[in-house]
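Examining the three-dimensional arrangement
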Amino acid sequence: MVKRLVLVLGDQLSQSLSALRAADKTRDLIVMAEVTDETGYVKHHPKKIALVLSAMRHFAEELRQAGWQVAYTKLDDEDASKSIVGELMRHGQAHSTSDVIATMPGEWRLVEALQTAPMTVTLLPDDRFIATQGEFKRWAEGRKQLRMEYFYRDMRRKTGLLMDGDDPEGGKWNYDHDNRKPAQTDMLRAKPMQFIPDQITEEVLELVEARFGDHFGRLRPFWFAVTRAQALRALDHFATHLLDGFGTYQDDMLAGDRFVHHSVLSPYINLGLLDPMEVCQRVEQEYRGGTVALNDAEGFIRQIIGWREYVRGIYMLEGPEYVSRNALSHTRDLPWMYWGGETRMACMSEAVAQTRDEAYAHHIQRLMVTGNFALLAGIDPHQLHEWYLAVYADAYEWVEAPNTVGMSQFADDGVIASKPYVSSGNYIHKMSDYCKGCHYSVTTKTGQGACPFNLLYWHFLLRHRDRFAGNARMGNMYRTWDRMDDARRETVLSEADAFLAKLDAGETV
Ligand code: FAD
Ligand code: DLZ
Ligand code: SF4
């Protein structure tokens, strides 16, 4: 029997991967490769590169210990080629085979590279997701709107998570009503579990320091889990110490508390170190055991079997050109402040500083601070997409692009969001403690010290009046605008224009 090559990509680090299940330990060769095409298709945060490479190296060791033959290419290997397909061809020649088994990659870029490779590539579904692509497609067919909430209910029924027979546990599908309470900095609140780098990680850190030291982001301290065993400890730690309060405080942003009640499990789930179902089952177990409330458990499970599955479904359904959409024709360049340039806006400064230090920001910081500002200011969604893809440790296009292009920027013309996620400074003020340390005043609407979000909010609504005035959920906003007197409206718009001009001129705002 001919030897086959079994491709395991950097975010496919699961022993249960479909490609591994289809392979034969006694004859096939696993190919894992650190290649410059993957480390360089955007300027990834150094922590993200270190996480992926260290987790790959640890996983290769685990595969060897489990009896697999593994051909592992390190980034510095002299004979390494620069791409995944290049590596497959190199090993194919060395072992006289052109047969490849692979699990569907999470980015169209790589799907296309594998489909056009001069080899015989069998692409298997990535069944680490709960919904198959076929199921999602069938769910989407014939619907005018693809709202996550309805998809989520199907996923609850399919998995049986938090179900009481045919009904949702507690009688309601969604307990967000009990959530979004303002939190306070609490010195006693647990932090996500941190790990000390071992020898393998230290070697990777030195490599990343030497080769990617000029990328945006701090490499050290590096504390991410890099093995499944560590990721399981991080899950246990979250379920035991932080899940209680997850739902209640999920929208809070605190300058002195970067993680609040969030799990920081996305980097591990997306790499394949944790299975989404096992994560949800662990959370359900806490609820059934009486240690956490239903709104906390339901809120968390919805993020995974709802949002995570839904955005993956959209990415695969909409196809490769989804990332280039720009329904609102926004063209402004991404301001320097996203790369750490000076800003007087405390919320932006906090969110970017945290991103630089941790390669992490939680959902509301991504959506309602950096995303909200970009949308209000009319930033080119593709530039913003590349930023999010680069700077977060959990970022792969299948999950990042629908969140950025769709949910955050409305650039997909409402495939994901029923209305744009925009707000004035008031939302940030309500959900964070950022405003009290800000150069601007959140309660000032115009004139000296007016919060830029207050000005840009109206500027955005007016720029897109034709598109959004008829949206039932936005009519109120336009009515409020129409009730303002002319002089006030003119001041708001001219001050917003002046702000944007400063932004374009590269001045500190
Ligand atoms: P928690 O708040 O603890 O949530 C639990 C889990 O739910 C997460 O680990 C994640 O697996 C899942 N989840 C929650 N929200 C979402 C969502 N909207 N989409 C998919 N899964 C979700 N998530 C990524 O995993 N990778 C990305 O590249 C990414 N880019 C984003 C870009 C923008 C503009 C926005 C608004 C959101 C993005 N998200 C992304 C979604 C979300 O912000 C992160 O999943 C979350 O912040 C990860 O942190 P956590 O593990 O502490 O999450
Ligand atoms: C993100 C990433 C990085 C930085 N490096 C590698 C790599 O060297 N080799 C590899 O196989 N995968 C890497 N990855 C993850 C891939 O980019 C990921 O598999 C695709 O983006 C598909 O989701
Ligand atoms: Fe952000 Fe405005 Fe608050 Fe400053 S005042 S932190 S710019 S919302």
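Residues numbered from 1 in each chain as written. Chains lettered and ligands numbered in written order. Predicted model: local features only at pLDDT ≥ 70, side-chain atom pairs only at ≥ 80, totals over all residues. Heavy atoms only, no water.

This part covers the pairing of strand 5 (residues 120-124). Pairing geometry for strand 4 (residues 99-103) and strand 5, over five bridges, is parallel. Bridged to Ile101 within strand 5 is Thr122. One crossover worth recording links strand 4 to the parallel strand 5 by way of helix 5 (residues 108-115), and it is right-handed. (Pairing = 2+ DSSP bridges. Helix = DSSP H or I, 4+ residues; strand = E, 2+ residues; numbered from the N terminus. Right-handed = clockwise from strand over helix to strand, strands pointing away.)

Domain boundaries in the chain define domain 1 (5-124), domain 2 (133-192 + 242-318) and domain 3 (336-504). Here the C-alpha centre of domain 3 lies 25 Å away from the C-alpha centre of domain 2. The interface of domain 2 with domain 3 comprises 29 residues on the first partner and 32 residues on the second. Together, the buried faces of domain 2 and domain 3 total about 2700 Å²; carbon and sulfur atoms form 61% of this surface. It is Met253, Arg258 and Tyr315 that lose the most area in domain 2 upon contact with domain 3, and together they represent 31% of the buried surface on that side. On inspection of domain 2 and its partner domain 3, the count reaches two salt bridges. Its salt-bridge partner being Glu358, residue Arg258 comes within 3.5 Å of it at the nearest N-O pair. The tally of links from domain 2 across to domain 3 stands at twelve residue pairs in polar contact (both at pLDDT 80 or more). No other element matches helix 12 (residues 294-318), which puts eight residues into the side of domain 2 that touches domain 3. Across the side of domain 2 that touches domain 3, the residue classes tally to 15 nonpolar, five polar and nine charged. (Domains from an automatic or database assignment. Contact = heavy atoms within 4.5 Å. Buried area = accessible area lost by both parts, 1.4 Å probe. Salt bridge = Lys/Arg side-chain N within 4 Å of Asp/Glu carboxyl O. Polar contact = N/O pair within 3.5 Å; in protein donor to acceptor, adjacent residues only side chain to side chain. Nonpolar A, V, L, I, M, F, W, Y, C, P; charged D, E, K, R; others polar.)

Summed over all chains, the structure comprises 39 salt bridges. Residue Asp76 is joined to Arg211 by a salt bridge in which the shortest nitrogen-to-oxygen separation is 2.6 Å. Taken together, the positions of Asp76 in the loop between strand 3 (69-73) and helix 4 (84-94) and Arg211 in helix 8 (residues 199-212) put the pair 135 residues apart, joining distant regions of the chain. For Asp76, a relative accessible area of 48% puts it in the partly exposed group. In this structure, Asp176 engages Arg302 in a salt bridge whose closest nitrogen and oxygen atoms are separated by 3.2 Å. Of this pair, Asp176 sits in the loop between strand 7 (167-168) and helix 8 while Arg302 sits in helix 12, placing them 126 residues apart in sequence. Both residues of the pair, Asp176 and Arg302, belong to the buried class. Through salt bridges with shared partners, a single ionic network connects Arg218, Arg258, Arg356, Asp357 and Glu358. (Buried < 20%, exposed > 50% of the residue type's maximum accessible area, 1.4 Å probe, protein only.)

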